[in-house]
Amino acid sequence: MTLIEIVNLLVSALLLAGIYAVMSVGMTVIYGVMKIVNLAHAGFMMMGAYLALELFERLHIDPILAALIVFPVMFAIGRAIHWLLVRWLPTSDQPTLASLLLMFGLWLVLQNLGYLIWGNSDRSIFTPHTLSILRFGGITISSVRLVVFGAAVACMVALQLILNHTWFGRSVRALIQNRYAGQIVGVDDKKTASITFGLGIGFAGLAGALLASLYSFNPDFGRPFLIRAFVIIVLGGLESVSGVAIGAFVLAFVETFGILFVPAGYQLAISYGLLVMVLIFLPGGMASLTAKVRRLA
Amino acid sequence: MRVSQRTLSIRGLVQWRRFALLSILLAGLAMMPWLVSSPNVIRLLFLTFLWVTTSVAWNILGGFAGQISFGFAVFYGIGAYTTALAMNAGLNPFLAFLISSVTAAAASLIVGLPTFRLRGPYFAIATIGISEAVRVVMTNLSFTGGASGYRIVEHRPFLQLEHYYTALVLASIAVASSILISRTKFGLGLNAIRQDEDAAAGLGVNPYAYKLEAHALAAALTGMVGGVFARYAAFIHPQGVFGFQTSVHILLMPVIGGIATVWGPVLGGVVFGIVEEQIIASFPEIHLLIYGALLILIILVEPGGILGAFRRLYRRLHARRRDKTSNPGGGEADEIFWRPRRG
Amino acid sequence: MEKLTKYFGGLAAVKDVSFEVREGQIFGFIGPNGAGKTTLFSIIAGATKPSSGTVRNRGRDITALKPFRLVRAGIARTHQIVRPFREMTVLENVKLASHFGRKKVANDAEAEAHAMDILTGFDLDNVAHKPASILSVGLQKKLEIARAMATSPDLLLCDEICGGLTHVETAAMLDLLRRIRDEGTTVMYVEHDVKAITAVCDRILVLNYGRKLSEGAPDHIQQDPAVIEAYLGHPPAKRKED
């Protein structure tokens, strides 16, 4: 392997990490605040992708710009769903099976809606930029990937700013640490939860729209990304934006360099395998959670 | 002492009645082929028996023990492929089924040993990961045909009745196991693990071992179903038997019917078998929608599933007679996920 | 003569606590909040591992045993916040312990009979077939103890079982503990209520900030100036001789 090839792979991994990160952030905030494992995340990413598709085909809006429109739309949808369905779930400091199954049911519904509205054939978005490539020395980068990476980084930074410098962000961080204590201190946990859920869905849709410019998609395309999102948030410690970034990079790195050792068809199995191993062996974020569960009252 | 004596005799009476009813039902099902001539109905019943089996099997781990697995397709698929390979090697199909149950159970140990350290949703997510990983691997494995599937060549003639009775026997075994478990120490232990694993451990239950045992039994039954189906269909492929869709179906039935009860999964299997066939025939496009909506409704409104809804109805109608005749409610999970609303 | 020795070190909550419990005693632990009492219990009950030190029961090292194995070794525990199995009946709660406890039961009927006996002994037989969730907190605490006793332990760990009880209920609970001791089970008792502990224990160990502050008979503890200082914050005032 030449140095140039390695560098190229590293750059690839980095760009991939960006998109993986923004895809996982949505799940992270929802999990952190509400301890809900959002299995429907895949469905909302799918929605985002198809919304971008519609915007592109009907209004000729570039998908990356479409992401800017998709975000608020999905945010509103997220809040609506929270109001309709999610707020009835019993609150808890630990993820409950009820929430898991509820989101799973929601995912099934979304998938089916996707099939009904858009059919089950693969779609993709082709713009004049799709195939353009930039070269820096010996390094080749798809320009779309670069822009997507830029958008992803911008989103993560924006989210970090919101979390650290706004009143809302403080509420979120308080609830993440201890929901009950947050309530006592005066955080409106229902409203914060609602906005957080909206944010989470908004980011899911945004990620979907960005992904739509990179890959082809069908209503079921969320699933492998969902599993990747799990890996990432578990790797990253479940409760911080920077953790997500780290987790995203690790996964992207493993996947990109994994191609060298494993035949193409087994690639997805790497992510799944990593998920299982991470869940079982990883100290730090994951282990401390299981330790909490094990402690007797 | 008087109270318990009276309860015992009432229980005895109820048991005799139940036993009689069950025998009649079983006899009826056994005679079905002579009562009904349409092969379509027989086929429908055949599939229903298979679904009832997986439903009841999954419920042993997911319902009784409370460990929700999204990855039972692994055992279904392993059972299917084991039977296929064994039969193509010349083995008797019933021997193949038995071997399938063993391989599926072995697989469940491999899956369970690392994952049963995890609790609740983490366990569930891990099972999704494992299930998908296995599917990907099987899709790429060439000696079993890979993505294009694998055909079973059977030199015996196709006898629908043989398949019918195989499935009926399998379903009966599954339901009988479920009933037995619910009444013995094993079931009590699983129930305790479901409600509070640590408290159960503090009283002498070995949660890890029990979970592995429940998993193995559930996997063995599911594996056999996979085998029976494989023989019937004579062709299997990874997308189908190892697919996430299969895991979803297996999980949906007991949850919709009534999780953690003995008859809920049976009801779920029956409903699923009948409804699924009809829906696939008439409205193939919306069956995910219906199942998703049903799941949502169940979680939010009646976590006890269809059975739970019936029970609630029954209780409301017979509110006054409740004290004397009601079942003390051991082990039935009306509130498996639900904590009472505050205020 | 049973020797239950524990030496711990290093755990931030509990530091270098060592003691020995004789068979047939009620051995109490008191200390201000955060002194490490529940952590100590968790270590003995196998829920937490000590950073260093050992727990020994009758000469055997049981430090690393998992909770369910400790039951076989004869140690049972109750919890500070009761954890009954809410979806089971009272009888089933105890029957579980009968099945999985030290006494061998041949079948379900035998376990049920054993459980019923225990319940009768605890005056809970009239609610045997009711779901455990409907019991009042006081009764739930009794159930917790009944359940633990159904595993036929040699040693019972009681974690603040008098929390939230009225004076009458507390007195009844202490009588219960005495009866348990008289019937042959050693009791280790953690409590916040100093009066309750001094009333019922044969020997007391005082914890403060995770360290052993004092150990001895109840009267000795009550007069120990170090203990008084820990609880009240200042040295005991000299008694004025009138």
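Residues numbered from 1 in each chain as written. Chains lettered and ligands numbered in written order. Predicted model: local features only at pLDDT ≥ 70, side-chain atom pairs only at ≥ 80, totals over all residues. Heavy atoms only, no water.

A. Main features of the interface of chain B and chain A. Contacts between the two partners involve 45 residues from chain B and, on the opposite side, 45 residues from chain A. Taking both partners together, chain B and chain A bury about 4,200 Å²; carbon and sulfur atoms supply 77% of that area. The largest contributions to the chain B side of the interface with chain A come from Y122(B), I125(B) and L288(B), which together make up 16% of the buried area. Remark: the boundary between chain B and chain A carries one salt bridge. One salt bridge connects E132(B) with R223(A), and the closest N-O pair in it is separated by 2.7 Å. For the pair chain B and chain A, the interface holds four residue pairs in polar contact (both at pLDDT 80 or more). Among the elements of the structure, α4 (93-115), α5 (120-140), α11 (244-258) and α13 (287-300) of chain B are those that each provide at least two residues to the side of chain B that touches chain A. Partitioned by chemical class, the residues of the side of chain B that touches chain A number 30 nonpolar, seven polar and eight charged. (Contact = heavy atoms within 4.5 Å. Buried area = accessible area lost by both parts, 1.4 Å probe. Salt bridge = Lys/Arg side-chain N within 4 Å of Asp/Glu carboxyl O. Polar contact = N/O pair within 3.5 Å; in protein donor to acceptor, adjacent residues only side chain to side chain. Helix = DSSP H or I, 4+ residues; strand = E, 2+ residues; numbered from the N terminus. Nonpolar A, V, L, I, M, F, W, Y, C, P; charged D, E, K, R; others polar.)

B. Just the pattern of salt bridges, in detail. Across all of its chains, the model carries 21 salt bridges over all chains by this definition. In this structure, R58(A) and E54(A) form a salt bridge, with 2.4 Å as the shortest nitrogen-oxygen distance. Here E54(A) and R58(A) lie together in helix α2 (residues 41-59), a separation of four residues that amounts to about one turn. The class of R58(A) is exposed, set by a relative accessible area of 64%. Between R77(C) and D159(C) there is a salt bridge whose closest N-O contact spans 3.4 Å. (Buried < 20%, exposed > 50% of the residue type's maximum accessible area, 1.4 Å probe, protein only.)

C. Quick peek at helix α7 (residues 185-195) of chain B. Within α7(B), nine of the 11 residues are buried, leaving the element largely enclosed by the surrounding structure. Regarding α7(B), the residues found buried are F186(B), G187(B), L188(B), G189(B), L190(B), N191(B), A192(B), I193(B) and R194(B). Looking at the buried positions of α7(B), the neighbouring elements they touch are α2 (39-64), α6 (160-183), α8 (197-202) and α9 (207-233) of chain B together with α3 (90-100) of chain C.

D. Main features of the nonpolar core. Core analysis: the largest hydrophobic core is formed by 246 residues, its most contacted members being Y20(A), L39(A), F44(A), F104(A), F70(B) and Y189(C). Ignoring any residue separated from it by four or fewer positions in sequence, one finds L39(A) in contact with L100(A), M103(A), F104(A), W107(A), L226(A), F230(A), F70(B) and I128(B). In this structure, F27(C), L70(C), L157(C) and M188(C) belong to the second largest nonpolar core, which totals 20 residues. (Core = buried A, V, L, I, M, F, W, Y, C linked by side-chain atoms within 4.5 Å.)

E. Expanded view of the packing of aromatic side chains. Inspection of every chain in the model, using the stated rule, returns 27 aromatic pairs over all chains. Arranged with centres 4.8 Å apart and planes meeting at 40°, the rings of F253(A) and F257(A) form a pair that is tilted. Taken as a pair, F253(A) and F257(A) lie in helix α10 (residues 241-258) at a separation of four residues, close to a single helical turn. Looking at F253(A), the relative accessible area reads 35%, which means it is partly exposed. Members of the aromatic cluster, connected to one another through ring pairs, are F104(A), W107(A), F70(B) and F244(B). Its guanidinium or amino end placed over the ring of Y31(A), K35(A) lies 5.7 Å from that ring's centre, counting from NZ or CZ. Over the face of the ring belonging to F94(B) we find R231(B), whose NZ or CZ atom lies 5.7 Å from the ring centre. (Phe/Tyr/Trp six-rings, centres within 6.5 Å; stacked < 30°, edge-to-face > 60°. Lys NZ or Arg CZ within 6 Å of the ring centre and 35° of its normal.)

F. Representation of the packing of α2(B) against helix α12 (residues 263-282) of chain B in the model. Residue and element names in this part refer to chain B. Where α2 contacts α12, the two axes come as close as 8 Å, and the packing angle between them is 140°. Considered as vectors, α2 and α12 are oriented oblique to each other. Crossing handedness for the pair α2 and α12: right-handed. Taken together, the residues of α12 that come into contact with α2 (itself represented by R43, L44, L47, T48, W51, V52, S55, V56 and N59) are P265, V266, G269, V270, F272, G273, I274 and E277. (Axes fitted to C-alpha atoms, helices over the stretch in contact; angles between N-to-C directions. Parallel < 35°, antiparallel > 145°, perpendicular 65-115°, else oblique. Left-handed = near helix turned anticlockwise from the far one by under 90°.)

G. A look at the sheet that holds strand β10 (residues 211-216) of chain C. All names here are of chain C. Taking strand neighbours across the sheet as the criterion, the six strands line up as β6-β7-β8-β3-β9-β10 in an open arrangement whose pairing is mixed. Looking at strand neighbours, the two that pair on one side only are β6 (75-77) and β10, the edges of this open sheet. Along the sheet, successive strands turn relative to each other by an average axial angle of 15°, direction set aside. Examined bridge by bridge, strand β9 (residues 203-208) and β10 share five bridges and lie antiparallel to one another. Residue pairing across strands places L207 opposite K212, the latter belonging to β10. Of the strands in this sheet, β3 (26-30), β7 (155-159) and β8 (186-190) are in contact with helix α6 (residues 167-182), which crosses β8 at around 150°. (Pairing = 2+ DSSP bridges.)

H. Layout of the packing of α2(A) against helix α4 (residues 97-118) of chain A. Residues and elements named next belong to chain A. The geometry of α2 relative to α4 is characterised by a closest axis approach of 8 Å and an angle of 25° between their N-to-C directions. Between α2 and α4, the crossing angle belongs to the class labelled roughly parallel. In the crossing of α2 with α4, the sense of the turn from one axis to the other is left-handed. Only L106, W107, L110, Q111, G114 and W118 of α4 make contact with α2, whose side of the interface consists of A42, G43, F44, M46, M47, Y50 and E54.

I. Structural context of a nonpolar patch on the surface. Residues and elements named next belong to chain A. Residues L3, I6, L10, L14, F249 and F253 make up a contiguous nonpolar surface patch of roughly 500 Å² in combined accessible area. Only α1 (3-34) and α10 provide two or more residues apiece to the nonpolar patch. A per-element tally of the nonpolar patch places α1 first, with four residues. Tracing the chain through its elements places L3 in helix α1. Exposure remark for L3: the relative accessible area of 65% places this residue in the exposed category. (Patch = residues over 30% accessible without salt bridge, like charges linked within 9 Å, V, L, I, M, F, W, Y side chains within 5 Å. Areas by Shrake-Rupley, 256 points an atom, 1.4 Å probe, with all protein chains shown as cover.)

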